[in-house]
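Understanding the architecture of this molecule
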Amino acid sequence: MDEFDVVVLGAGPTGENLADRAHAGGLSVAVVEDELVGGECSYWACMPSKALLRPPAALANARRLPGAREAAGGTLDAAAVLRRRDEFAAHWKDGGQVDWLESAGLVLVRGRGRLDGVRRVIVDTPDGGRRVLTARHAVAVCTGTRAALPDLPGLAEVRPWTSREATSSSRVPGRLAVVGGGVVACEMATAWRALGSEVVQLVRGSRLMARMEPFAGELVTQGLRAAGVDVRFGTSVTGARRDGQVTLTLDGGETLTVDEVLFATGRKPATADLGLETVGLNPGRPIEVDSTGLAAGVPGEWLYAAGDVNGRALLTHQGKYQGRIFGAVIADRAAGRALDTADWGRSVATADERAVPQVVFTDPEAAAVGLTLEEAERAGHRVRAVDYDLGSVAGASLHADGYLGRARAVVDLDREVLLGATFVGGDVAELLHSATIAVTAEVPISRLWHAVPAYPTISEIWLRLLETYRG
Ligand SMILES: Cc1cc2nc3c(=O)[nH]c(=O)nc-3n(C[C@H](O)[C@H](O)[C@H](O)COP(=O)(O)OP(=O)(O)OC[C@H]3O[C@@H](n4cnc5c(N)ncnc54)[C@H](O)[C@@H]3O)c2cc1C
Ligand SMILES: NC(=O)c1ccc[n+]([C@@H]2O[C@H](COP(=O)([O-])OP(=O)(O)OC[C@H]3O[C@@H](n4cnc5c(N)ncnc54)[C@H](O)[C@@H]3O)[C@@H](O)[C@H]2O)c1
C-alpha cells in the first residue's frame, strides 16, 4: 500500500496546480492520471482550439486594413495551420508536462483512479495491475468533464465529432454541421469555416452564447454570418444516420446532409465511475464544494474537488485559481494553520462568485468578467448598464476599418463600483484584464476616473464608458 499526504485524481491544469501548491506547503503528493498529463485543455480544448483560431484572426485583421489587405489576398494555408496546431498540442504527447510534474517533486501514478471509502484511492494501472493509495490528509478530485451528447436515435452509429475531434482533426471536412449555440460551437464554427468547410450551425434556442450579455451573441452571429456560416436558430436535430456522409433529421422534418457533425452540446462531470458512492456522493453529478474546496456532505474535511468537476466555472484559469487556493488550504489544514476565509481571503475562491473572466475567440471576440446586467438585477443589486459603441473609439477605428464592437459596464449604483464588464470587438481579449482588476479590487468609479487610457488605444473605451456614466 502506498501512502502520501495528498492524492490528486486528474493531472489537468487544475490537478497540476493544486498538487504543486500542496507540495509547496510541505506535503507529499501523488497525482493519478488516466490519459495525458496536462488534461483536456492542453490537447483537446484551449490550446489546439486557439491555435486553430489565431491564424484566421490575423488574416481577417489584415484584410480590414487597406494596404495590408492587398498583401493578404490569398487563402489560408489550412495544412500549415493544422501543423502549427499539432505543435501547440505537443503532438498529443505529455513528456514535457511529465518532466515538469516530476521536477516539481510530485509523484505521477499512471492509471484510472477511483475512490474506495475515506482517504483511499484504487488505481487500475495500464499494465492491468492495481495500486491502492491512501492519503494521510486529503484526496482532491480534479477529473474535469467530458462532452455531453444528447440521447438521439442513431447518434452513436454516426460517431459524431465532439470537442476532441473538432480540436484535433487533421482533415478539413467539406461540409460540417455544428450543433449548439455555446462557446465551443461558436469557436469551432469560426475555425472550421476559416479553414475551408461549409458550416451550418444548428441552434436550438434563439441566441448564441446565452450566458453573456445579449449583444455578444448578436455581434458574434453577425460575424459568423459574414464569414459564411449558415446560422439557424430554433432548430433541433431529431435523428442522425451515416452512410459515408451524415444525414441529420431536423425538427421541421427536413434533412441536412454533411460530411461531419460536431455536437457541442455542453459537458458532463467526469464522476460517473469515480467511486463517489463509497463516500456517500452521487455518481455522475458535479461534486459541490464550499469556497475552500471541501466536498459538501462528506464528513472529516478530507475530500476536495477543484476545476470543471465541481461545476463552479468551466474555465482553465478558474480551475488553476481554485487549484492554487485549495492546494494551499490542504497544506494549511494539514499543518494546523488557521485559514483566512473572509471574502477575498487567502483560503477562499471568492473570484468564482464575483469576477470570472472569459474570452470567446470568435470574430469579433467577446470578453466578459463579473455579472451581466440580468445577473446583477437578479442578485438584487441596484445597477445601471452603461453602453458604448466600441467602433467609435479612436483606437478601434485605427485598428480596423469598419470595426464592429460594443462595450457595457454594469455599475453598482449604491457603491459606485463595477460589478461586470463586457467588450465585443476585434482584439478585445487583452482589454479584459483591466476590467477584471477593476471588478476584483472594487475600484471606485471616482478613482477609475484617474486611470487614464493611452491615446489612441482601444482602452479609451474606459474613458468613454466613464464619461457616459457621469453624463
Ligand atoms: C473545445 C474547448 C475549448 C476550450 N477553450 C478554453 C479556453 O480558451 N479558455 C479556458 O479557460 N477554458 C477553455 N475550455 C475549458 C477548459 O478546457 C476546462 O475548463 C479545463 O480543461 C478544466 O481543467 P481541469 O483540470 O479541471 O479538467 P481537465 O482538463 O478535463 O483534466 C482532467 C484530467 O483528469 C483525468 N481523469 C479523469 N478521470 C480520471 C480518473 N478516474 N483517473 C485518473 N485521471 C482521470 C483526465 O484524463 C484529464 O487529464 C475549453 C473547453 C473546450 C471543450
Ligand atoms: N474560450 C473559452 O473560454 C472557452 C471555449 C470553449 C469552451 N469553454 C468552456 O467549456 C464549457 C463547455 O462549452 P460548450 O459550448 O460545450 O457548452 P455550453 O454549455 O456553453 O453550450 C452548450 C450549447 O449546446 C446547447 N444544447 C445543449 N443540449 C442540446 C441539445 N440536446 N440539442 C441542441 N443543443 C443543445 C445549449 O443550448 C448551448 O447552446 C463552457 O462552459 C465554457 O466555459 C470555454
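In the nomenclature of an unreviewed UniProt entry, the protein corresponds to Dihydrolipoamide dehydrogenase from the organism Actinomadura meyerae. Database annotation for the protein, UniProt heading Sequence similarities (unreviewed entry): "Belongs to the class-I pyridine nucleotide-disulfide oxidoreductase family."

Near ligand 2 you find 20 residues, and of these Gly181, Val184, Glu187, Arg211 and Val359 are the closest. For ligand 2, an oxygen atom lies 3.0 Å from a polar atom in the backbone of Gly181. Calculation on ligand 2 without its partners gives an accessible area of 840 Å², and the protein chains cover 75% of this total. Mapped onto the shell around ligand 2, the elements with two or more residues apiece are α9 (183-194) and β17 (357-360). The element that contributes the greatest number of residues to the shell around ligand 2 is α9, accounting for three residues. Broken down by class, the residue content of the shell around ligand 2 amounts to nine nonpolar, six polar and five charged.

Let's shift gears to the pattern of salt bridges. Once the charged atoms of two side chains with opposite charge are near each other, the side chains can pair. Using the criterion set out here, one finds 36 salt bridges in the structure. Residue Asp20 pairs with Arg21 through a salt bridge whose shortest N-O separation is 3.8 Å. For Arg21, a relative accessible area of 35% translates into the label partly exposed.

Moving on, we get to the nonpolar core. Counting 34 residues, the largest nonpolar core has Trp192, Met209, Leu224 and Leu262 as its most contacted members. Every element with two or more residues in this core is listed here: α3 (46-63), α5 (78-88), β8 (175-179), α9, α10 (214-226) and β18 (365-370). Per element, the largest residue contribution to this core is six residues, and it comes from α9. Built from parts of two domains, this core gets at least three residues from each of domain 2 (147-265) and domain 3 (364-470). Here Met209 is in contact with Gly181, Gly182, Cys186, Ala216, Val220, Val360 and Ala366, once residues within four sequence places are set aside. Judged by nonpolar contacts, the second largest core, of 32 residues, contains Val386, Ala400, Ile458 and Leu466.

In this section: the sheet that holds strand β19 (residues 383-389). A sheet is described by the order of its strands in space; here five strands give the open sequence β17-β18-β21-β20-β19, paired in antiparallel fashion. Two strands lie at the open edges of the sheet, namely β17 and β19, each paired on one side alone. Neighbour-to-neighbour, the strand axes of the sheet open up by a mean angle of 10°, direction not taken into account. The sheet contact formed by β19 and strand β20 (residues 406-412) spans seven bridges and is antiparallel.

Another point: helix α15 (residues 432-441). Taken together, the buried positions of α15 are Leu432, Ala435, Thr436, Ala438 and Val439. Take α15 and look down its axis: the buried residues cluster within an arc of 165°, on one side only. Within α15, the exposed residues directed more than 90 degrees away from the buried face are His433 and Ala441. Glu442 lies just past α15 and shows a positive phi near 50°.

As a structural note, the neighbourhood of ligand 1 is formed by 35 residues, with Thr14, Glu33, Lys50, Gly113 and Asp308 the closest of them. Pro13 has a polar backbone atom sitting 3.3 Å from an oxygen atom of ligand 1. Contacts to ligand 1 include Lys50, whose side-chain N or O atom sits 2.8 Å from an oxygen atom. At the level of secondary structure, the elements contributing two or more residues to the shell around ligand 1 comprise α1 (13-24), β2 (29-33), α2 (39-44), α3, β4 (112-115), β7 (145-147), α8 (163-168) and α11 (316-335). Taken together, the residues of the shell around ligand 1 sort by class into 11 nonpolar, 15 polar and nine charged.

This next bit is on the pairing of β20. For β20, the buried fraction is high: six of the seven residues fall into the buried class. Pairing between β20 and strand β21 (residues 417-425): seven bridges, direction antiparallel. Bridge assignment links Ala409 to a residue of β21, and that residue is Ala421. Counting the residues between successive antiparallel strands, the hairpin from β20 to β21 contains four residues, one of them, Glu416, with a positive phi of roughly 50°.

Next up on the list: the domain arrangement of the protein. When the domains of the protein are assigned, the result is domain 1 (2-36 + 93-144 + 270-351), domain 2 (147-265) and domain 3 (364-470). Placing the centre of domain 2 and that of domain 3 at their C-alpha centroids yields a distance of 31 Å. Facing 10 residues of domain 2, the contacting portion of domain 3 comprises 15 residues. Interface of domain 2 and domain 3: buried area, both sides summed, is about 980 Å²; carbon and sulfur atoms make up 73% of it. For the domain 2 face of the interface with domain 3, the top three residues by lost area are Glu213, Phe215 and Leu219, together amounting to 61%.

Turning our eyes to something else, we now look at the environment of Glu40. With respect to the element layout, Glu40 can be found in helix α2. Using a relative accessible area of 21% as the deciding quantity, one classes Glu40 as partly exposed. In the structure, Glu40 is positioned 159 residues away from Val199 in sequence and 25 Å away in space, judged by C-alpha atoms. With sequence-adjacent residues up to four places away left out, Glu40 is seen in contact with Ala45, Arg164 and Arg267. A distance of 2.9 Å separates the side chain of Glu40 from the side chain of Arg164, its partner in a polar contact.

Scanning the model with the defined rule gives one cavity of 30 Å³ or more in all. By volume, the largest cavity amounts to about 60 Å³. Lining the largest cavity, in full, are Val386, Ala409, Val411, Leu418, Ile445, Leu448, Trp462, Leu465, Leu466 and Tyr469. Elements with a minimum of two residues in the lining of the largest cavity: β20, α16 (445-448) and α17 (461-470).

Time to look at the environment of Pro126. For Pro126, the location among the structural elements is in the loop between β5 (120-124) and β6 (130-141). Distance from Pro126 to Arg110, taken between C-alpha atoms, is 7.0 Å for residues 16 residues apart in sequence. Those residues in contact with Pro126, other than ones at most four positions away along the chain, are Arg110 and Gly111.

Another aspect to go through is the sheet that holds strand β13 (residues 255-258). If you walk across this open sheet you meet the three strands as β11-β12-β13, and the pairing is antiparallel. Where the open sheet ends on each side, the last strands, each with one partner, are β11 (237-243) and β13. Mean inter-strand twist for the sheet, computed between neighbouring axes without regard to direction, equals 20°. Inspection of the sheet shows strand β12 (residues 245-250) paired to β13 by four bridges, in the antiparallel sense. In the strand pairing of β13, Thr247 is matched with Thr257.

Criteria and thresholds
Residues numbered from 1 in each chain as written. Chains lettered and ligands numbered in written order. Predicted model: local features only at pLDDT ≥ 70, side-chain atom pairs only at ≥ 80, totals over all residues. Heavy atoms only, no water. UniProt positions renumbered as here; feature names shortened; annotations may be inferred. Near = heavy atom within 4 Å. Polar contact = N/O pair within 3.5 Å; in protein donor to acceptor, adjacent residues only side chain to side chain. Areas by Shrake-Rupley, 256 points an atom, 1.4 Å probe, with all protein chains shown as cover. Helix = DSSP H or I, 4+ residues; strand = E, 2+ residues; numbered from the N terminus. Nonpolar A, V, L, I, M, F, W, Y, C, P; charged D, E, K, R; others polar. Salt bridge = Lys/Arg side-chain N within 4 Å of Asp/Glu carboxyl O. Buried < 20%, exposed > 50% of the residue type's maximum accessible area, 1.4 Å probe, protein only. Core = buried A, V, L, I, M, F, W, Y, C linked by side-chain atoms within 4.5 Å. Domains from an automatic or database assignment. Contact = heavy atoms within 4.5 Å. Pairing = 2+ DSSP bridges. Axes fitted to C-alpha atoms, helices over the stretch in contact; angles between N-to-C directions. Arc of directions from axis to C-beta. Buried area = accessible area lost by both parts, 1.4 Å probe. 1 Å grid on protein atoms, 1.4 Å probe; cavity = no way out; pocket = protein on both sides within 12 Å on 5 of 7 lines; lining within 4 Å. Points joined across faces, edges and corners; volume = space filled by probe spheres on them.

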